[in-house]
Amino acid sequence: HIFTSPSSAYGEQTRATRTCNAALHDMTTVEAAHIAYGCLQVRFGIGAKNAWSEVDGDFNYRDFYNNIVDLIEDSPDPEWKDELLRAWN
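A. Representation of the pattern of salt bridges in the model. Applying the stated rule across the entire model yields three salt bridges. For Asp56, the salt bridge is made with Arg43, and the minimal N-O distance between the two is 3.4 Å. Of this pair, Asp56 sits in strand β1 (residues 55-56) while Arg43 sits in helix α3 (residues 32-46), and the two are 13 residues apart along the sequence. When the shortest N-O distance is used, the salt bridge between Glu73 and Lys81 registers 3.1 Å.

In structure tokens:
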């Protein structure tokens, strides 16, 4: 529901009062960058900070994001990558 809305994520009738982020950015499929962004949001959510910064102690969010994108995009197993993206779409 990061890109759409809580109600659409749960399969409910949407009650949105504004256009969702996916529509605003012409997002029609989930790609490696979207998965990495979701991971980044989860990491921030379980962290101790309540304000965004690129670094949280020894943890670097930019490196984390780039590592996830690289892991998916540069996977030596194209079948794994295809299955992963298919599962998210």
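Moving on from the model shown.
B. Local environment of the confidence of the model for the protein chain. Taken residue by residue, the protein chain gives an average pLDDT of 82. The fraction at 70 or more is 69%. Averaged over each element, pLDDT in the protein chain is lowest for helix α2 (residues 21-24) (57) and highest for helix α4 (residues 61-73) (97).

C. Quick peek at α3. With 15 residues, α3 extends 22 Å between its outermost C-alpha atoms, agreeing within 8% with the 21 Å of an ideal straight helix rising 1.5 Å per residue. Restricting attention to buried positions, one finds in α3 the residues Ala32, His34, Ile35, Ala36, Gly38 and Leu40. Where α3 is buried, its residues meet α4 and α5 (78-88).

D. Expanded view of a negative patch on the surface. A cluster of acidic residues, Asp77, Glu79, Asp82 and Glu83, forms a negative patch at the surface. Locating Glu83 in the fold gives a position in helix α5. A relative accessible area of 41% means that Glu83 is categorised as partly exposed.

Parameters at a glance
- Residues numbered from 1 in each chain as written.
- Predicted model: local features only at pLDDT ≥ 70, side-chain atom pairs only at ≥ 80, totals over all residues.
- Heavy atoms only, no water.
- Salt bridge = Lys/Arg side-chain N within 4 Å of Asp/Glu carboxyl O.
- Helix = DSSP H or I, 4+ residues; strand = E, 2+ residues; numbered from the N terminus.
- pLDDT = per-residue confidence, 0-100.
- Expected span 1.5 Å × (residues − 1).
- Buried < 20%, exposed > 50% of the residue type's maximum accessible area, 1.4 Å probe, protein only.
- Contact = heavy atoms within 4.5 Å.
- Patch = residues over 30% accessible without salt bridge, like charges linked within 9 Å, V, L, I, M, F, W, Y side chains within 5 Å.
- Areas by Shrake-Rupley, 256 points an atom, 1.4 Å probe, with all protein chains shown as cover.
- Lys, Arg positive; Asp, Glu negative; His and termini not counted.
- Charge placed at Lys NZ, Arg CZ, Asp CG, Glu CD.

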